[in-house]
Amino acid sequence: MEYTNLLTGIQHIGMPVNDIEDTICFYERLGFSVALETQNGKDKVAFMQLKNLVIELYEGEASNVQNGAINHFAIDVKNIEEVFKAVKNLGVNLLTPEIQALPFWEKGVRFFTITGPNNEKIEFCERLA
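Description of the structure in this document. All figures in this text were calculated on a predicted structure; none of them were measured in a lab.

Counting 27 residues, the largest nonpolar core has Tyr27, Leu30, Phe32, Ile75, Ile114, Ile122 and Phe124 as its most contacted members. Elements supplying a minimum of two residues to this core: strand S1 (13-17), helix H1 (20-29), strand S3 (43-50), strand S4 (53-59), strand S5 (72-76), helix H2 (80-88), strand S8 (109-115) and strand S9 (121-127). Residue contributions to this core peak at 4 residues, all from H1. Setting aside residues up to four positions removed in sequence, Phe124 forms contacts with Leu30, Ile75, Val77, Ile80, Val83, Val87, Arg110, Phe111, Phe112 and Ile114.

This is the structure:
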């Protein structure tokens, strides 16, 4: 059996944070919910879930609060205009003042990017059909 047949998609994205409570509140405002809160040694850990996307937040290892090996993660959306309005109304830090477009895939993508409380980039992306 080819091992890739056993791979089903992303499990979670791990992210060190400086203030787990602040980060949980931020992601809850974006529609995530706490799937699990626990401890790993002295580290506080929370798994935040939005449908099939899971982010593991852990406080204890200091966040470097800059872009690292992972530049951003993207959340798939169905209606970029509605999502843009809703997220903009949250008062978050928009990296671009409007929706952007790129000629990726067959018909392109439309997206916008914000930053989170640990300077992480979060992209909201609609693949055009």
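Phi at Lys51 takes a positive value of approximately 55°, unusual for a residue other than glycine. The residue Lys51 is located in the loop between S3 and S4 in this model. Even without a glycine there, the phi angle at Asn119 is positive, about 70°. A relative accessible area of 34% means that Asn119 is categorised as partly exposed.

On to the packing of aromatic side chains. Following the criterion strictly, the structure yields 5 aromatic pairs and no others. For the pair Phe26 and Tyr27, a centre-to-centre distance of 5.2 Å together with 85° between the ring planes defines the contact as edge-to-face. You can call Phe26 buried: its relative accessible area is 10%. Taken together, a centroid distance of 4.9 Å and an interplanar angle of 80° make the contact between Phe84 and Phe112 edge-to-face. Pair noted here: Phe84 is in helix H2 and Phe112 is in strand S8, with a separation of 28 residues, a long-range link. Judged by relative accessible area, Phe112 falls into the buried class, the value being 0%. By way of ring pairs, the aromatic residues Phe26, Tyr27, Phe32 and Phe73 are connected into one cluster.

One can find Glu59 in strand S4. Among the polar contacts made by the side chain of Glu59, one reaches the main-chain amide nitrogen of Ile20 at a distance of 2.7 Å. In contact with Glu59, not counting residues within four places along its chain, are Val17, Asn18, Asp19, Ile20, Glu21, Lys42, Asp43 and Lys44.

A few words now on the pairing of S9. When a strand is regular, its side chains alternate between the sheet's two faces. The buried fraction of S9 amounts to 5 of the 7 residues, a majority that puts the element mostly inside the structure. Summarising the sheet, S5 and S9 pair through 5 bridges and their orientation is parallel. When the sheet's bridge partners are listed, Ala74 is paired in S9 with Glu123. Two strands pair when backbone bridges link them, and S8 and S9 are joined in this way by 7 bridges, in the antiparallel orientation. Considered in S9, the bridge of Phe112 is made with Phe124. Following S8, the chain reverses through 5 residues before pairing antiparallel with S9; Asn119 in that reversal takes a positive phi of roughly 70°.

Conventions adopted
Residues numbered from 1 in each chain as written. Predicted model: local features only at pLDDT ≥ 70, side-chain atom pairs only at ≥ 80, totals over all residues. Heavy atoms only, no water. Core = buried A, V, L, I, M, F, W, Y, C linked by side-chain atoms within 4.5 Å. Buried < 20%, exposed > 50% of the residue type's maximum accessible area, 1.4 Å probe, protein only. Helix = DSSP H or I, 4+ residues; strand = E, 2+ residues; numbered from the N terminus. Contact = heavy atoms within 4.5 Å. Phe/Tyr/Trp six-rings, centres within 6.5 Å; stacked < 30°, edge-to-face > 60°. Polar contact = N/O pair within 3.5 Å; in protein donor to acceptor, adjacent residues only side chain to side chain. Pairing = 2+ DSSP bridges.

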